[in-house]
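# Results of the structural survey
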Protein chains: 2
Amino acid sequence: MAVITNVVTHDIRFPTSLSLDGSDAMNPDPDYSAAYVVIETDAADGLEGHSFVFTIGRGNDVEVAAINALRDHILGLDIDELLSDMGAASALLNHDSQLRWLGPEKGVMHMAIGAVVNALWDLRAKRAGEPLWLHLSKLTPEEIVSIVDFRYLTDAITPDEALQILRAAEPGREERIQNLLDSGYPGYTTTPGWLGYSDEKLARLCKEAVADGFGQIKLKVGADLDDDIRRMRVARASVPAGFPIAIDANQRWDVADAIEWVQALAEFEPAWVEEPTSPDDILAHAAIARGIAPIRVATGEHVQNRIVFKQMLQAGSLSVMQIDAARVGGVNENIANLLLAAKFGVPVCPHAGGVGLCEAVQHLSMFDYVAVSGEMEGRMIEFVDHLHEHFITPTVIRDGQYIAPTTPGAGTEMLSTSIEEFTWRGQPASA
Amino acid sequence: MAVITNVVTHDIRFPTSLSLDGSDAMNPDPDYSAAYVVIETDAADGLEGHSFVFTIGRGNDVEVAAINALRDHILGLDIDELLSDMGAASALLNHDSQLRWLGPEKGVMHMAIGAVVNALWDLRAKRAGEPLWLHLSKLTPEEIVSIVDFRYLTDAITPDEALQILRAAEPGREERIQNLLDSGYPGYTTTPGWLGYSDEKLARLCKEAVADGFGQIKLKVGADLDDDIRRMRVARASVPAGFPIAIDANQRWDVADAIEWVQALAEFEPAWVEEPTSPDDILAHAAIARGIAPIRVATGEHVQNRIVFKQMLQAGSLSVMQIDAARVGGVNENIANLLLAAKFGVPVCPHAGGVGLCEAVQHLSMFDYVAVSGEMEGRMIEFVDHLHEHFITPTVIRDGQYIAPTTPGAGTEMLSTSIEEFTWRGQPASA
């Protein structure tokens, strides 16, 4: 019998604010960071589970404290038993009645639980010798349903309905796995569109994005309307006619502002409008969606849990669901989100970027394609060309496609040298 | 010029799980705790601002870490300037773009911000030599509006509409202040209804509650329907005909369960059904409200912020709004909540109990009565007879009424001896 012998945390921060990479209307100077966790066991294989919460700097220490608060929940547990029932493993953390008070199921504590759950999935996939997407894609519909916490979901989707969706996607799984291995999964890029960039840099990066084979670009908007009009004009002039350009307001607006602002940009035919308002505001998203139709609303990177996604689908708040690998309670809750999206027929186009989010979330989109929605049409994963070099298995993009990872694990393990170099010591590491 | 010289935190935990005080269907064994903060200055008056986040045990250390993460935001600031514009003081914390990633405006980080904001209000009221409720009640409508962050609210209430509500309540302020000083504010009690109590204890405590002059009692439900039916029967037999008995499910149900369970208890005429489902589920609350009408839905102790309250009012999710003094971003955000309730004509009956929540929230209800809703009809503050002895100015209840505090401050300062005795040292203090 092997047990969990240690849960190690690291406060890792990259000084990205120095270059304005990642600048948007709400986040002018992020320092991309990771509250990082390593789960160690005494198994002979020597394998570890690695994962993290992504933050943008200050407060990364609070996430580390939250992960440390979970240490005693899993230390000493039989790792075979724990990994054999990941639904129970997640419940062990999410259903702690005292910790639940700090959410429930939202914010700092929930993200920390997500990191620990994801580290367990990383370890499980490594032990299976499979990349996480493939490991998940080989589960039976019954096994997948057992991973999901259906509490607060049954007015929208029951376990039986989930089973039906998963069984309907069973035919063709092998073919879709082969498709992924052959051709990968579509990506789109946000690299050109950060607010801090000059028009010249924007134009150059737009052209490069098209040349690199991406199927869509995205621009940050919402700080100043005249600037946004000018930048959209620059971007439109830099890409072929009809090329999709999404816009992202990062929660800047109230309802009336959102509708007015987006209508002022409508001539540039945005592919979608992302995060027009508060991620908590289901009804405002729905009102905005009605107000700007047929332009689509996309949201999700800050959606706190499956319960809010459920309501957004019920209320017609979004047309594109943007799950995030490190915001909710881990792989388990994201499988609930994928099932909800499939039930409502909404495409999932994950949020990525930051630190390691591309590495992590690609596994979920690929699993969705193989075993849940069975679809790739209208779906793509965000790509931002930052900080990949710090990961053991960095995302590989070719002709705008995410190449399916084949290395065992969840893709969330950083290089030990990067962990060492960028560990926070009270001031930024040298840029 | 006086500046903030220190921000001191304490991890305080009471071993309440040993007596099953506070036991309910979701929280079987809480250890009532406070992540406590003291703001010190170098002013000659020697006054300090005290406040806390209430938690139920494990994770209290995470809240302490979150408060500590705010330390550098206020250390060294000019205290006169900071306290003179509490809207700006709150924004200083809530609008930190990096910390915002950890919410936004929800969970651990938001509660920590609320504690710091409330400690500033405690200090401000002490410096004014007034209890907080009276201090707030003397502000002009314009000053009150300046305290509120209207971001994400303007589709329901604008600053101008808030001004109208506050101006309409200006006549009669003095008379209502005198009413409070003369007669206090109605309370109701949850003391009889904890799940862990025997039927005999329940019956005895129900009779005592009526004899003590409380206008309503509340029973925890949701663990077992047969038990609930039996306990409601015991409670009904222990009080006069027609005496209001509310029930509280503490988030146990999905929509269909909630409607079925409440209908099975309908014969006992519950005064309201509290927290029937997830506090995040605006649409489920609305569906339940429709399904159990005319029985009323009450909720709010776990509602994360004003944005969710706004939607619950827009969607008809609740008929009774239960603000909590230590869940949202402090006094500022609770004033937003009071204004929303006034706009929608919904009574506010605050959640209290725990550690110091009665002491804190009475100030908000009294301010609401004087300066916002101008109403007391149909309103009351929860009362639980636990842990008051640890506060400098404990809540005083007489004939079921909260007696208006007259001591300067927000009521949130604990005795230094209690802080010392119940500081967490890795195991429970002796009971």
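Please read all numbers here as calculations on a predicted model, not as lab measurements.

Let us now look at the overall build of chain A. Scanning chain A for helices and strands turns up 18 helices and twelve strands. For chain A, whose C-alpha radius of gyration is 21 Å, the value lies close to the compact-globule estimate of 22 Å for 431 residues. Counting only contacts in chain A whose residues sit at least 6 apart along the sequence, the fraction spanning at least 24 positions is 75%. Of the accessible surface of chain A, which amounts to about 13,800 Å², a share of 50% is contributed by carbon and sulfur atoms. Once the 32 positive and 62 negative side-chain charges of chain A are each reduced to a mean point, those two points are 3 Å apart.

Moving on to the packing of helix 1 (residues 60–68) of chain A against helix 6 (residues 107–128) of chain A. Residue and element names in this part refer to chain A. Where helix 1 contacts helix 6, the two axes come as close as 8 Å, and the packing angle between them is 60°. With respect to their mutual orientation, helix 1 and helix 6 come out oblique. Read as a crossing pair, helix 1 and helix 6 show a hand that is right-handed. Of helix 6, the residues touching helix 1 (which contributes Val62, Glu63, Ala66 and Ile67) are Val108, Met109, Met111, Ala112, Ala115 and Val116. Among the residues forming the contact of helix 1 with helix 6, the class breakdown is nine nonpolar, no polar and one charged.

Next up on the list: the state of the cysteines. Residue and element names in this part refer to chain B. Here the structure, examined in full by the defined rule, presents zero disulfides over all chains. For Cys349, which is in no disulfide, the shortest distance to another cysteine sulfur is to Cys358 and amounts to 14 Å. The exposure class of Cys349 is buried, given its relative accessible area of 1%.

On to the packing of helix 9 (residues 159–168) of chain B against helix 16 (residues 331–344) of chain B. All names here are of chain B. Interhelical geometry of helix 9 versus helix 16 gives an angle of 80° and a closest axis separation of 10 Å. Relative to helix 16, helix 9 is oriented roughly perpendicular. For the pair formed by helix 9 and helix 16, the contact residues are Glu161, Ala162, Ile165 and Leu166 on the first element and Leu339, Ala342 and Lys343 on the second. Its residues assigned to classes, the contact of helix 9 with helix 16 comprises five nonpolar, no polar and two charged.

A common way to report how large an interface is uses the accessible area buried once the components associate. Residues and elements named next belong to chain A. Each assigned domain of chain A is listed here: domain 1 (4–129) and domain 2 (173–418). The gap between the C-alpha centroids of domain 1 and domain 2 is 23 Å. Contact residues are listed per partner, giving 36 residues for domain 1 and 40 residues for domain 2. Around 3,100 Å² of area is buried between domain 1 and domain 2 when both sides are counted, 61% of it from carbon and sulfur atoms. Considering only the side of domain 1, the residues that lose the most area to domain 2 are Phe14, Ala25 and Phe52, jointly responsible for 19% of the buried surface there. At the surface where domain 1 touches domain 2, the tally comes to two salt bridges. A salt bridge links Arg306 to Glu105, with the shortest nitrogen-to-oxygen separation between them at 2.6 Å. On inspection of domain 1 and its partner domain 2, the count reaches twelve residue pairs in polar contact (both at pLDDT 80 or more). Going through the elements one at a time, strand 2 (33–41), strand 3 (49–55), helix 4 (86–94) and helix 6 are the ones with two or more residues in the side of domain 1 that touches domain 2. Broken down by element, the residue count for the side of domain 1 that touches domain 2 peaks at nine residues, all from helix 6.

Take the interface of chain A and chain B next. In this assembly, 64 residues from chain A lie in contact with 64 residues from chain B. Note on chain A versus chain B: buried area summed over both sides is about 5,100 Å², and carbon and sulfur give 54% of it. Considering only the side of chain A, the residues that lose the most area to chain B are Arg58(A), Gln98(A) and Trp101(A), jointly responsible for 19% of the buried surface there. Applying the counting criterion to the chain A and chain B interface returns six salt bridges. For Asp280(B), the salt bridge identified is with Lys106(A), shortest N-O distance 2.8 Å. The interface formed by chain A and chain B holds 39 residue pairs in polar contact (both at pLDDT 80 or more) in total. Elements supplying a minimum of two residues to the side of chain A that touches chain B: strand 3, helix 1, helix 5 (97–100), helix 6, helix 14 (282–292) and helix 15 (306–315) of chain A. The residue inventory of the side of chain A that touches chain B, partitioned by class, reads 28 nonpolar, 19 polar and 17 charged.

A few words on the environment of Arg58(A). Along the polypeptide, Arg58(A) turns up in the loop between strand 3 and helix 1. Spatially, the C-alpha atom of Arg58(A) lies 8.8 Å from that of Ser33(A), the residues being 25 residues apart in sequence. Residues within four places of Arg58(A) in sequence aside, it is in contact with Arg13(A), His73(B), Asp96(B), Gln98(B), Leu99(B) and Leu102(B). In this structure the side chain of Arg58(A) is engaged in a polar contact, spanning 2.8 Å, whose partner is the side chain of Asp96(B).

A cis amide bond links Gly103(A) with the next residue in sequence, Pro104(A), at an omega value of -10°. Looking at where Pro104(A) falls in the secondary structure, it is placed in the loop between helix 5 and helix 6. In this chain, Ala293(B) is followed by Pro294(B) through a cis amide linkage whose omega measures 10°. Within the fold, Pro294(B) resides in the loop between helix 14 (282–292) and strand 8 (297–299). Phi at Tyr152(A) is positive, roughly 75°, even though this residue is not glycine. The buried category is assigned to Tyr152(A), whose relative accessible area is 1%. Positive phi outside glycine occurs at Glu275(B), with the angle close to 45°.

Moving on: the side chain of Thr299(B). Residues and elements named next belong to chain B. You can see Thr299 is positioned in strand 8. The class of Thr299 is buried, set by a relative accessible area of 0%. Engagement of the side chain of Thr299 in a polar contact is seen with the side chain of His285, the distance being 3.4 Å. Every residue in contact with Thr299, bar those within four places of it in the chain, is listed here: Glu275, His285, Phe309, Met312, Leu318, Val320, Met321 and Gln322.

This brings us to helix 6 (residues 107–128) of chain B. Residue and element names in this part refer to chain B. The end-to-end C-alpha separation of helix 6 is 31 Å, in line with the 32 Å expected for 22 residues at 1.5 Å each. With 20 of 22 residues buried, helix 6 lies mostly within the body of the structure. Trailing helix 6 by a residue or two, Gly129 shows a phi angle of about 70°, which is positive.

Definitions and cut-offs
Residues numbered from 1 in each chain as written. Chains lettered and ligands numbered in written order. Predicted model: local features only at pLDDT ≥ 70, side-chain atom pairs only at ≥ 80, totals over all residues. Heavy atoms only, no water. Helix = DSSP H or I, 4+ residues; strand = E, 2+ residues; numbered from the N terminus. Rg over C-alpha atoms; globule rule 2.2 N^0.38 Å. Contact = heavy atoms within 4.5 Å. Areas by Shrake-Rupley, 256 points an atom, 1.4 Å probe, with all protein chains shown as cover. Lys, Arg positive; Asp, Glu negative; His and termini not counted. Charge placed at Lys NZ, Arg CZ, Asp CG, Glu CD. Axes fitted to C-alpha atoms, helices over the stretch in contact; angles between N-to-C directions. Parallel < 35°, antiparallel > 145°, perpendicular 65-115°, else oblique. Left-handed = near helix turned anticlockwise from the far one by under 90°. Nonpolar A, V, L, I, M, F, W, Y, C, P; charged D, E, K, R; others polar. Disulfide = S-S within 2.5 Å. Buried < 20%, exposed > 50% of the residue type's maximum accessible area, 1.4 Å probe, protein only. Domains from an automatic or database assignment. Buried area = accessible area lost by both parts, 1.4 Å probe. Salt bridge = Lys/Arg side-chain N within 4 Å of Asp/Glu carboxyl O. Polar contact = N/O pair within 3.5 Å; in protein donor to acceptor, adjacent residues only side chain to side chain. Expected span 1.5 Å × (residues − 1).

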